[in-house]
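Spelled out, the chains give:
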Amino acid sequence: MSFINYAAREINVKIVFYGPGLGGKTTNLQYIYEKSNPQQKGKLISLATETDRTLFFDFLPLDLGSVRGFKTRFHLYTVPGQVFYDASRKLILKGVDGVVFVSDSQEARMDANAESMKNLEDNLEENGFDLKSIPYVLQFNKRDLPTAVPVDQMYRALNFKGEPTFEAIAVQGMGVFETLKAVAKQVLYDLRRR
Amino acid sequence: MAPSLVMYEEEFERISQLLNRLRIDASAKIVFLVDKNGQQIAGAGEIDQVDTTSLASLTAGNVAATDGLAKLIGEKEFSILFHEGRKDNIHISIVGQRLILVLIFDERSSLGLVRLRVRKASGDIERVLSDIEVKSQEVGFDDAESPFAEITDEDIDALFSE
């Protein structure tokens, strides 16, 4: 649910990075944080455990510049990927405008990818959204790992509506901004349609 | 799903005035209005002393988590949260089901005073909120003034030109 402030001439939108545990959602945000200009970004907040696993969410506010005189502020969130944090994931999807699904390319994580995507669909539905119609982008992360499943196989397994799909190596930054740009675009187009 | 929240100049002014008055009446340092999704709406007082964006997002997360706890034990919501610090305290309350009112105060005020003033101000803010809802339904996104009706591919690409 975007928030348009005519008084301050700004629009706020919420993007959520979803996906299985240890898939690289937080790493995506960290890279965006590192590479953004200081005047564009706010503080990166990570509510994590002592072992750096996301406990509740990571949050990064990002100003992307102006569209038609309106400042666009993107609020990027990640969810905790571990299965047992489902209640928290549901909360974070509240009022979401766009979703990035960060999948893990490793063979051993293919089931986790599928399970997490099903979980995304269910949790969106509980919040009144439909995965089929919400702005949505798919990322195949960890393409550099030797155990990575071939791209076409991942595509067949995870892409379900021809959504924009990007290969990524989030620790090196490859594909990170491409993914962000694609979801931001869809969200802005979605605003135009409404 | 609730529609997008749209804030117009006139209502923004009204809300800002209400927050300012509440800040004085409650002797608070900061008064702050956030929506349940963590978007900051308006504030009054020493807001340049804190990172308001982070404050907004963490407050919303806090309220969301507490809401989840409430549902678990069969409560509709916990409408007030209070965090007591050594110097500063935070009072968080829900207004009109979709907004969160945050007050930060120190020893110059008290929890009783804050609660009293918040209760009164909440009603006033709720009235503005329902005016906004009526107005955005009337105006809607079809309005020619909507900044996004004519957004082009170039506009969007320009955002990422760096």
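Further up the page is the structure itself.
Note on numbering: residues in each chain are counted from 1, in written sequence order. Labels are handed out in written order, letters beginning with A for the chains and numbers beginning with 1 for the ligands. Only residues with pLDDT of 70 or above have their local features reported here, since the model is predicted, and side-chain atom pairs are shown and tallied only from 80 upward, although totals for entire chains, interfaces and linings are computed over all residues. Calculated side-chain values reflect all of the structure's heavy atoms, with hydrogen atoms and water omitted.

Comments concerning the sheet that holds strand β2 (residues 30-35) of chain B
Residue and element names in this part refer to chain B.
Turning to step 1, where the next piece is worked out: Strand pairing is assigned whenever DSSP identifies at least 2 bridges connecting the two strands. Helical segments are the DSSP runs of H or I of at least four residues, strand segments are the runs of E of at least two, and each set is numbered from the N terminus. Across the sheet, five strands lie side by side as β3-β2-β6-β5-β4; this open sheet has antiparallel pairing. Two strands bound the open sheet, and with one partner strand each, they are β3 (40-45) and β4 (80-84). Averaged over neighbouring strand pairs, the angle between their axes works out to 15° when direction is ignored. Think of each axis as a best-fit line through the C-alpha atoms, taken over the contacting stretch in the case of a helix, with angles from 0 to 180 degrees between the N-to-C directions.

Focus on helix α2 (residues 52-72) of chain B
Turning to step 1, where the next piece is worked out: Over its 21 residues, α2(B) runs 30 Å from end to end, which matches the ideal 30 Å to within 8%, given 1.5 Å per residue.
Turning to step 2, where the next piece is worked out: One or two steps after α2(B), the chain reaches Gly74(B), where phi turns positive at roughly 85°. Here, expected helix span is obtained from the residue count minus one, scaled by 1.5 Å.

As for the packing of aromatic side chains
The description of two aromatic rings rests on the distance between their centres and on the angle between their planes.
All names here are of chain A.
Turning to step 1, where the next piece is worked out: A pair of aromatic rings is counted whenever rings of Phe, Tyr or Trp (Trp by its six-membered ring) have centres within 6.5 Å, and the orientation is called stacked for planes under 30 degrees apart, edge-to-face for over 60 and tilted otherwise. What the rule picks out here adds up to nine aromatic pairs over all chains.
Turning to step 2, where the next piece is worked out: In this structure an aromatic cluster arises from ring pairing among Phe56, Phe57, Phe59 and Tyr77.
Turning to step 3, where the next piece is worked out: Either the NZ atom of lysine or the CZ atom of arginine qualifies as a charge over a ring when it sits within 6 Å of the ring centre and within 35 degrees of the ring normal. Geometry around Tyr77 places Lys14 over its ring, the cationic atom sitting 4.8 Å from the centre.
Turning to step 4, where the next piece is worked out: Over the ring of Tyr33 we find Lys41; its NZ or CZ atom is 4.3 Å from the centre of that ring.

Describing unusual backbone geometry
Glycine aside, the phi torsion of most residues is negative, and most peptide linkages are trans.
Turning to step 1, where the next piece is worked out: The phi dihedral of Lys142(A) falls on the positive side, at around 65°, and the residue is not glycine.
Turning to step 2, where the next piece is worked out: Here Lys142(A) is to be found in the loop between β7 (136-141) and α4 (151-158).
Turning to step 3, where the next piece is worked out: Positioned with a positive phi, Ser27(B) is a non-glycine residue whose angle comes to about 50°.
Turning to step 4, where the next piece is worked out: Here Ser27(B) lies in the loop between α1 (9-25) and β2.

Observations regarding the pairing of β2(B)
Residues and elements named next belong to chain B.
Turning to step 1, where the next piece is worked out: For β2, a buried count of six out of six residues is recorded, marking the element as mostly surrounded by other parts of the structure.
Turning to step 2, where the next piece is worked out: Three labels apply to residues, based on accessible area from a 1.4 Å probe with only protein chains included: buried if under 20% of the type maximum, exposed if over 50%, partly exposed otherwise in between. Every second residue of β2 is oriented toward a common face, with Ile30, Phe32 and Val34 on one face and Val31, Leu33 and Asp35 on the other, all of them buried.
Turning to step 3, where the next piece is worked out: In the sheet, β2 pairs with β3 via five bridges, with the strands oriented antiparallel. Note on β3: the bridge partner recorded for Phe32 is Gly43.

Describing the nonpolar core
Turning to step 1, where the next piece is worked out: Among the buried residues, those of types Ala, Val, Leu, Ile, Met, Phe, Trp, Tyr and Cys that are joined through side-chain atoms within 4.5 Å form a nonpolar core. Formed by 36 residues in total, the largest nonpolar core has its most connected members in Ile15(A), Phe17(A), Ile32(A), Phe74(A), Leu76(A) and Phe148(B).
Turning to step 2, where the next piece is worked out: When contributions to this core are tallied by element, the ones reaching two or more residues are β2 (10-18), α1 (25-35), β4 (54-67), β5 (70-78), β6 (98-104) and α5 (176-193) of chain A together with α4 (153-159) of chain B.
Turning to step 3, where the next piece is worked out: Broken down by element, the residue count for this core peaks at nine residues, all from α5(A).
Turning to step 4, where the next piece is worked out: In this description, contact between two residues means that some pair of their heavy atoms is separated by no more than 4.5 Å. Contact partners of Phe148(B), with chain neighbours within four places excluded, come to Ile4(A), Ile11(A), Val67(A), Phe70(A), Leu191(A) and Arg192(A).
Turning to step 5, where the next piece is worked out: Counting 29 residues, the second-largest nonpolar core is a separate cluster that includes Leu19(B), Leu33(B), Leu101(B) and Phe105(B).

Notes on helix α3 (residues 110-126) of chain A
Since there are 3.6 residues in each turn of an α-helix, residues three or four apart along the chain are aligned in direction.
Residues and elements named next belong to chain A.
Turning to step 1, where the next piece is worked out: Relative to the 24 Å expected for 17 residues at 1.5 Å per residue, α3 spans 25 Å between its end C-alpha atoms, a close match to the ideal helical length.
Turning to step 2, where the next piece is worked out: What α3 keeps buried is the set Met110, Ala112, Asn113, Ser116, Met117, Asn119, Leu120, Asn123 and Leu124.
Turning to step 3, where the next piece is worked out: Positioned one or two residues after α3, Gly128 has a phi angle of 85°, which is positive.

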